[in-house]
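Here is how the chains run, residue by residue.
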Amino acid sequence: LGRPVQYLPMAVDAMRFAALEPAQPRPIDVLGIGRRLPALHAALLDWAAKTGRHYVYDTISGGAVDDVAAHRDNLAATYHRSKLAITHHAKFDRPDEIGDQRENPGRLWEGLASGVVMAGMPPRPELQRRFPGAEVVTALPDDPHEAVAAIDELVQQPHDDLRRHHVGLALTANDWGHRWRTVF
C-alpha cells in the first residue's frame, strides 16, 4: 500500500456493557446468541428442560433493528444478567471462508465488558493475549454432552475475580475510545 498499516480490532462501548458490580445476581445461566453448533444447542435445550436452568438463545435471525440504542441497551442488560455466554471464534461454521483462522468474534467484546464467563471454541490464544489482553474464552469439549457438563460446572461457580478482570480489561484497553486513540 505504500503506507503503514495497523490492525484495529473490534471494541465495545465499555460503559454501556460494563457490569460495574461483578457479583450482581445473574439469573440467566447460559446466553447463546448468534451462530451456534446445532448439537450443542440441542444438548443445552435438554439440560435446561431437565435441570430448570435458564438458557437464553436467539429464536430469529436477520431482520432490521428499529431502535439501535434500545437494542444495544437491551443486549447489555441481557449480558449483565448472564453467568456464561457461548463464545466461539469468528465464523467457526464457515471453514470454507476462514480456513484454519480462529479470529476474535464481535461478541467477545460485549461479553468481556459485561463480566460474563465465556466458553466455547476459543479464538487463537495469541490473538486473545494481544487483544483483549488475556485469554478470556474457555475451551469446551467437542462432545456436546461433555460440553454441557463443563458448562453446568462453570455456571455453579461465582467467578467474581474473573468477572472483575474481564470488566477491567474492557474499561482500560478495549473501549472504542481506545481504538480511536490508536487511529489518531
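Procedures and definitions
- Residues numbered from 1 in each chain as written.
- Predicted model: local features only at pLDDT ≥ 70, side-chain atom pairs only at ≥ 80, totals over all residues.
- Heavy atoms only, no water.
- Core = buried A, V, L, I, M, F, W, Y, C linked by side-chain atoms within 4.5 Å.
- Buried < 20%, exposed > 50% of the residue type's maximum accessible area, 1.4 Å probe, protein only.
- Helix = DSSP H or I, 4+ residues; strand = E, 2+ residues; numbered from the N terminus.
- Contact = heavy atoms within 4.5 Å.
- Pairing = 2+ DSSP bridges.
- Axes fitted to C-alpha atoms, helices over the stretch in contact; angles between N-to-C directions.
- Polar contact = N/O pair within 3.5 Å; in protein donor to acceptor, adjacent residues only side chain to side chain.
- Phe/Tyr/Trp six-rings, centres within 6.5 Å; stacked < 30°, edge-to-face > 60°.
- Lys NZ or Arg CZ within 6 Å of the ring centre and 35° of its normal.

### As for the nonpolar core
Of all hydrophobic cores here, the largest spans 21 residues; its most connected members are Val 12, Phe 17, Tyr 79, Leu 112, Met 118 and Val 136. Residue assignment for this core shows that the elements contributing at least two residues are α1 (14-17), α3 (68-80), α5 (107-114) and α8 (160-173). Ranked by residue count, the leading element in this core is α5, at 4 residues. When residues no more than four places from it in sequence are discounted, the contact partners of Met 118 are Ala 85, Thr 87, Leu 108, Gly 111, Leu 112, Val 136, Val 137, Thr 138 and His 166. In this structure, Trp 47, Ala 48, Ala 119 and Leu 140 belong to the second largest nonpolar core, which totals 17 residues.

### Examining the sheet that holds strand β5 (residues 137-139)
Spatial strand order, β2-β1-β3-β4-β5: 5 strands in an open sheet with parallel pairing. Pairing within the sheet leaves two strands with one partner each, and these edge strands are β2 (55-57) and β5. Each strand of the sheet is rotated relative to its neighbour by a mean of 30°, with strand direction disregarded. With 3 bridges joining them, strand β4 (residues 117-120) and β5 adopt parallel strand pairing. Looking at β5, one finds that Ala 119 is bridged to Thr 138. Against the sheet, α3 contacts β1 (28-32) and β3 (82-86), and its axis sits at roughly 110° relative to β3. Taken strand by strand, helix α7 (residues 144-155) contacts β1, β3 and β4, and its axis lies near 150° from that of β3.

### Here we look at the side chain of Glu 110
One can find Glu 110 in helix α5. By relative accessible area, which is 6% here, Glu 110 ends up buried. For Glu 110, the side chain forms a polar contact with the side chain of Arg 107, separated by 2.8 Å. Contacts of Glu 110, omitting those with residues within four sequence positions, involve Val 12, Phe 17, Arg 72, Leu 75 and Tyr 79.

### Some details on the packing of aromatic side chains
Enumeration according to the criterion identifies 4 aromatic pairs in this entry. For the pair Phe 17 and Tyr 79, a centre-to-centre distance of 6.2 Å together with 70° between the ring planes defines the contact as edge-to-face. Taken as a pair, Phe 17 in helix α1 and Tyr 79 in helix α3 lie far apart in primary sequence, 62 residues in all. Here Tyr 79 falls in the buried class, since its relative accessible area comes to 3%. Between Arg 179 and the ring centre of Trp 109, over which it is positioned, the NZ or CZ distance is 5.5 Å.

None of the figures reported here should be taken as evidence of function without further support.
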